[in-house]
Amino acid sequence: QVQLVESGGGLVQAGGSLRLSCACSVSFSRINGMGWYRQAPGKQRELVATVTSDGSTVYADSVKGRFTISRDNVKNTLYLQMNSLKPEDTAVYSCNAKLKYLTKIYWGQGTQVTVSS
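Residues numbered from 1 in each chain as written. Predicted model: local features only at pLDDT ≥ 70, side-chain atom pairs only at ≥ 80, totals over all residues. Heavy atoms only, no water.

Undergrad: Is there a simple way to think about the sheet that holds strand E7 (residues 67-72) in this case?
TA: With respect to topology, four strands assemble into an open sheet ordered E1-E3-E8-E7, the strand pairing being antiparallel. In this open sheet, the two strands that pair with only one neighbour each are strand E1 (4-7) and E7. Going from strand to strand, the sheet's axes swing by 15 degrees on average, the running direction of each strand aside. By the bridge criterion, six bridges tie E7 to strand E8 (residues 77-82) in an arrangement that is antiparallel. Considered in E8, the bridge of Ser-70 is made with Tyr-79. (Pairing = 2+ DSSP bridges. Helix = DSSP H or I, 4+ residues; strand = E, 2+ residues; numbered from the N terminus. Axes fitted to C-alpha atoms, helices over the stretch in contact; angles between N-to-C directions.)

Undergrad: Even after reading the chapter, I still don't get the packing of aromatic side chains, so can you show me in this structure?
TA: Here a ring pair, both rings aromatic, is described through the centre-centre distance and the interplanar angle of the planes. Summed over all chains, the structure comprises one aromatic pair. Geometrically, the ring pair formed by Tyr-37 and Trp-107 is edge-to-face, given 5.2 Å between the ring centres and 65 degrees between the ring planes. Placement of the pair is Tyr-37 in strand E4 (residues 31-39) and Trp-107 in strand E10 (residues 105-107), with a sequence separation of 70 residues. Trp-107 gets classed as partly exposed once you look at its relative accessible area, which sits at 32%. Lying across the ring of Trp-107, Arg-45 places its NZ or CZ 3.7 Å from the centre. Positioned over the ring face of Tyr-106 is Lys-104, at 5.5 Å from the centre of the ring. (Phe/Tyr/Trp six-rings, centres within 6.5 Å; stacked < 30°, edge-to-face > 60°. Buried < 20%, exposed > 50% of the residue type's maximum accessible area, 1.4 Å probe, protein only. Lys NZ or Arg CZ within 6 Å of the ring centre and 35° of its normal.)

Undergrad: Would you take a moment to explain the state of the cysteines for this structure?
TA: In a disulfide, the sulfur atoms of two cysteines are held together by a covalent bond. Counting across every chain of the model gives one disulfide. Disulfide pairing is shown between Cys-22 and Cys-95; the S-S distance is 1.9 Å. Taking the sign of the S-S torsion, 55 degrees for the link of Cys-22 and Cys-95, the bridge is right-handed. Here Cys-22 is found in strand E3 (residues 18-24), whereas its partner Cys-95 is found in strand E9 (residues 91-99), with 73 residues between them in sequence. For the pair formed by Cys-22 and Cys-95, the shared burial category is buried. Its sulfur unpaired, Cys-24 is 6.7 Å from the next cysteine sulfur, which belongs to Cys-22. Under the relative-accessibility criterion, Cys-24 is labelled buried at 10%. (Disulfide = S-S within 2.5 Å.)

Undergrad: Explain the nonpolar core here, please?
TA: Nonpolar side chains in soluble globular proteins tend to be buried together. In this structure, Leu-4, Ile-31, Met-34, Trp-36, Leu-80, Met-82 and Tyr-93 are the most contacted members of the largest nonpolar core, which totals 32 residues. Counting residues per element, the ones that place at least two in this core are E3, E4, strand E5 (46-52), E7, E8, E9 and strand E11 (111-116). In terms of residues, this core owes the most to one element, E9, which gives five residues. (Core = buried A, V, L, I, M, F, W, Y, C linked by side-chain atoms within 4.5 Å.)

Undergrad: What is the right way to read the pairing of E5 from this model?
TA: Walk down a regular strand and you will see the side chains alternate between the two sheet faces. Taken together, the six bridges between E4 and E5 define a ladder with antiparallel strand orientation. Residue pairing in the sheet places Gly-33 in a bridge with Thr-52 of E5. Hairpin connection from E4 to E5: six residues lie between these consecutive antiparallel strands, with Gly-42 at a positive phi of about 80 degrees. The pairing of E5 with strand E6 (residues 57-59) spans three bridges and is classified as antiparallel. Counted as the bridge partner of Ala-49 is Tyr-59 from E6. Hairpin connection from E5 to E6: four residues lie between these consecutive antiparallel strands, with Gly-55 at a positive phi of about 95 degrees.

In structure tokens form, the structure reads like this:
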């Protein structure tokens, strides 16, 4: 099983920055890929950014140039650096992961990001 714990959310003014962390309970060597998703009230959950085991990244158009996904393979922690935050970035941000050779996707509990205008 995989346990994911997000942290780093909070309240920030528009134009500010936050860095989210997702601590993974298993080695990244056992993980195929990881990603960050977000869900705002009344909206569908949407992809923010993903990174594969090969290091390939995908970003939502809405965050390109502002957000950066990265990973620490020693600490088994996924990060999302968020710059130039906008009120529309307000959402619960969750990370996910998939073990190699298995189909199940694991989700963390989420961390709230609120951007004030």
